[in-house]
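Next come the chains, spelled out residue by residue.
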Amino acid sequence: MKLHICHLYARLLNIYGDRGNIIALTQRASWRGIEVEVRAPGLAENLDPSWADIYFVGGGQDKQQIMIAEDLQRHADNLKIAANDGAVMLAVCGGYQLFGHYYKPHQGSELKGISLMDAYTVAGDRRMIGNVTVELPDKSTLVGFENHSGKTFLGKGLSPLGKVLKGNGNNGEDAFEGAHYKNIYGTYLHGSLLPKNPHFADQLITEALTRRYGAVKLEPLDDEIESKAHDKARLLKA
Ligand code: GLN
């Protein structure tokens, strides 16, 4: 088996070590003997919607979001085709905001998103910074770090990724964190996210491989260190 990962705007959207998510996916697949290839299309480069099993886009400051927002529109149709076909997508913070309908920064004009998810984001008056714990529908938890002023609100057809147990999540108001639709996941969790949430990394790998090869069950790994990191992060103050 081979896992194809497309890391969008790797150089511009890579705040708080978001690239660690690519390293975690690659390493956890390789440890199981699964070959991995990563492509990282940047500004003005093209992507083939039938190539990738997993798409990842990280976060950045408004400045970087402004730099990529228009370019991302070129990929809107291809990403919708891939999403409808069950491709796995993970979008963090600034990338998550642009996967929705729009992001309205404090200053300057609204940045159009690609509407992969029925959500919109408006800059609020306070920055939401700190450690976050999220409870997923299966009661497992995700831990991470958030730093955003954008407040994201989900449309009726879109489920949150989980419930905030600690921190702010989408907007600091409705106790929701992230979004989940088909195999697309949006989240505010940096940190990076996947190294210390190995169950979530494996969920993404499983969904991606199952789409290409039919039902896949991953061999378990020794996650002692990853689990310790997860449990320790749960104890941190917001
Ligand atoms: N510019 C966005 C905000 O502050 C995104 C920040 C980020 O990606 N960390 O809301």
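Everything that follows concerns the structure shown earlier in this document.
**With respect to the site of the ligand**
Reasoning step 1: Neighbouring the ligand are 14 residues, the closest being Gly60, Asp62, Gln65, Cys93 and Gly150.
Reasoning step 2: Here Gly60 contributes a backbone N or O atom positioned 2.9 Å from an oxygen atom of the ligand.
Reasoning step 3: Between the ligand and Arg127 there is a distance of 3.0 Å, counted from an oxygen atom to a side-chain nitrogen or oxygen.
Reasoning step 4: Coverage of the ligand by the protein chains reaches 97% of its 300 Å² of free accessible surface.
Reasoning step 5: Looking at the shell around the ligand, the elements that each hand over two or more residues are helix 2 (62–73), helix 4 (94–99) and strand 8 (141–154).
Reasoning step 6: In terms of residue count, strand 8 provides more of the shell around the ligand than any other element does, 4 residues in total.
Reasoning step 7: Partitioned by chemical class, the residues of the shell around the ligand number 2 nonpolar, 10 polar and 2 charged.

**Overview of helix 6 (residues 224–235)**
Count 3.6 residues to each turn of an α-helix, and residues three or four apart come out pointing the same way.
Reasoning step 1: If you check helix 6, its first and last C-alpha atoms are 17 Å apart, about what 12 residues at 1.5 Å a residue would give, namely 16 Å.
Reasoning step 2: The elements touched by buried residues of helix 6 are helix 1 (20–30), strand 8, strand 9 (162–166) and helix 5 (198–213).

Procedures and definitions
Residues numbered from 1 in each chain as written. Predicted model: local features only at pLDDT ≥ 70, side-chain atom pairs only at ≥ 80, totals over all residues. Heavy atoms only, no water. Near = heavy atom within 4 Å. Polar contact = N/O pair within 3.5 Å; in protein donor to acceptor, adjacent residues only side chain to side chain. Areas by Shrake-Rupley, 256 points an atom, 1.4 Å probe, with all protein chains shown as cover. Helix = DSSP H or I, 4+ residues; strand = E, 2+ residues; numbered from the N terminus. Nonpolar A, V, L, I, M, F, W, Y, C, P; charged D, E, K, R; others polar. Expected span 1.5 Å × (residues − 1). Contact = heavy atoms within 4.5 Å.

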